[in-house]
Amino acid sequence: MTAKPARKGAPRSLPQPALPAPGDRRRFRDRLLTWYRRHGRDLPWRKTTDPYHILVSEIRPRRLQTIARESVARYGGRLPADEATLLSFEGIGAYTAGAIRSFAFRERAAILDTNVARVLFRVFIGSGDPKSAATKRHLWRLSETLMPVRHVFDFNQALMDLGAMVCVARNPRCFVCPMAKSCRTFPFTADRR
Ligand code: SF4
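Reference entry: report on the structure contained in this document. (Residues numbered from 1 in each chain as written. Predicted model: local features only at pLDDT ≥ 70, side-chain atom pairs only at ≥ 80, totals over all residues.)

**So, the overall build of the protein chain**
Here is the rule we go by: Numbering goes from the N terminus for both helices and strands, where a helix is a DSSP run of H or I of at least four residues and a strand is a run of E of at least two. Just to be clear, the radius of gyration here is over C-alpha atoms, and the globule rule we use is 2.2 Å times residues to the power 0.38. Residue pairs are scored as contacts if the distance between their C-beta atoms, which are placed from the backbone, is within 7 Å.
When you go through the protein chain residue by residue, the secondary structure sums to 8 helices and 0 strands. Secondary structure elements of the protein chain, listed N to C terminal, follow the sequence α-α-α-α-α-α-α-α. Against the compact-globule benchmark of 16 Å for 193 residues, the protein chain has a radius of gyration of 17 Å, which places it among compact chains. Along the three orthogonal principal directions, the C-alpha set of the protein chain runs to about 50 × 40 × 30 Å. Within the protein chain, residue pairs in contact and separated by at least 24 positions form 68% of the contacts whose partners lie at least 6 positions apart.

Shown next, in the form of structure tokens:
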């Protein structure tokens, strides 16, 4: 089996904290997807599968120009779908590669933007430094492990929506949150900021 390429921004270190048990993973997915079907945002860019539209929604103009030039020079203007090639582009990191694969190519790919990292940290970790390299690596593993076999697009969108609408940085809405029963941070208090 070919080794997976190292993610930009996801340094390796040992030992690894435990991942949630299969039953906990399943409950998390079910709660998240049920909530999303009722409350998810109807964002216009969710209706596109054009890799360039996805890219534009994920990154800033200067990086976009560099990536566009590189894709013209190397791939005739088409963005590739595989992780290793996307990561070889200057300006595409682990999150953007995951977003392009998941949202444009509908591949089974994990994502970890700020909102997703906050949700996963609060639900499954709860204490410590959320920005440390070890935590970041664990959050990537969580995002990968929690991913369902089907409905990955909805699952990733739901994670982002939960972080943007309920588990917000300040004053998260814990009492209407679908994760309240299992969240290690519930109820969020000001001293956790
Ligand atoms: S219960 Fe509160 S802290 Fe936990 S995921 Fe929900 S909103 Fe975030």
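**Some thoughts on helix H1 (residues 22-39)**
Where we set the bar: How far a helix is expected to stretch is found by multiplying one less than its residue total by 1.5 Å. Residues with at least 20 other C-beta atoms within 10 Å of their own are called buried, those with 12 or fewer are called exposed, and the rest are partly exposed. The C-beta atoms themselves are positioned from the backbone. As used here, the arc belongs to the directions running from the helix axis to the C-beta atoms.
Across its 18 residues, H1 extends 26 Å between first and last C-alpha, which sits within 8% of the 26 Å expected from 1.5 Å per residue. Of all the residues in H1, the buried ones are Phe 28, Leu 32 and Tyr 36. Down the axis of H1, the buried set is contained in an arc of 55°. They therefore lie on one face. Away from its buried face, by an angle of more than 90 degrees, H1 presents the exposed residues Pro 22, Gly 23, Asp 30, Thr 34, Arg 37 and Arg 38. Contacts from the buried residues of H1 go to helix H7 (133-146) and helix H8 (152-165).

**Considerations on the packing of helix H2 (residues 51-58) against helix H5 (residues 94-104)**
How we decide: Helix axes are fitted only over the stretch in contact, all axes being lines through C-alpha atoms; the angle between N-to-C directions runs from 0 to 180 degrees. Oblique is the label for any angle not covered by the other classes, which are roughly parallel (under 35 degrees), roughly antiparallel (over 145) and roughly perpendicular (65 to 115). Each crossing gets its hand from how the near helix is turned against the far one by less than a right angle, where anticlockwise is left-handed and clockwise is right-handed. Classes in brief: Ala, Val, Leu, Ile, Met, Phe, Trp, Tyr, Cys and Pro nonpolar; Asp, Glu, Lys and Arg charged; the others, Gly included, polar.
At their nearest, the axes of H2 and H5 sit 9 Å apart, and the two run at 140° to each other. Considering the angle they form, H2 stands oblique to H5. Considering only the axes of H2 and H5, their crossing is right-handed. Note on element contacts: H5 touches H2 through Thr 96, Ala 99, Ile 100, Phe 103 and Ala 104, opposite Pro 51, Ile 54, Leu 55 and Glu 58. Taken together, the residues of the contact of H2 with H5 sort by class into 7 nonpolar, 1 polar and 1 charged.

**Focus: H7**
With 14 residues, H7 extends 20 Å between its outermost C-alpha atoms, agreeing within 8% with the 20 Å of an ideal straight helix rising 1.5 Å per residue. The set of residues buried in H7 consists of Lys 136, His 138, Leu 139, Trp 140, Leu 142, Ser 143 and Leu 146. As for H7, its buried residues are in contact with H1 and helix H6 (114-124).

**Description of the environment of Met 165**
Tracing the sequence through the fold places Met 165 in helix H8. On the basis of neighbour count, Met 165 is assigned to the partly exposed category, with 17 C-beta atoms found within 10 Å. Sequence spacing of Met 165 and Arg 41 is 124 residues, and the spatial spacing of their C-alpha atoms is 9.0 Å.

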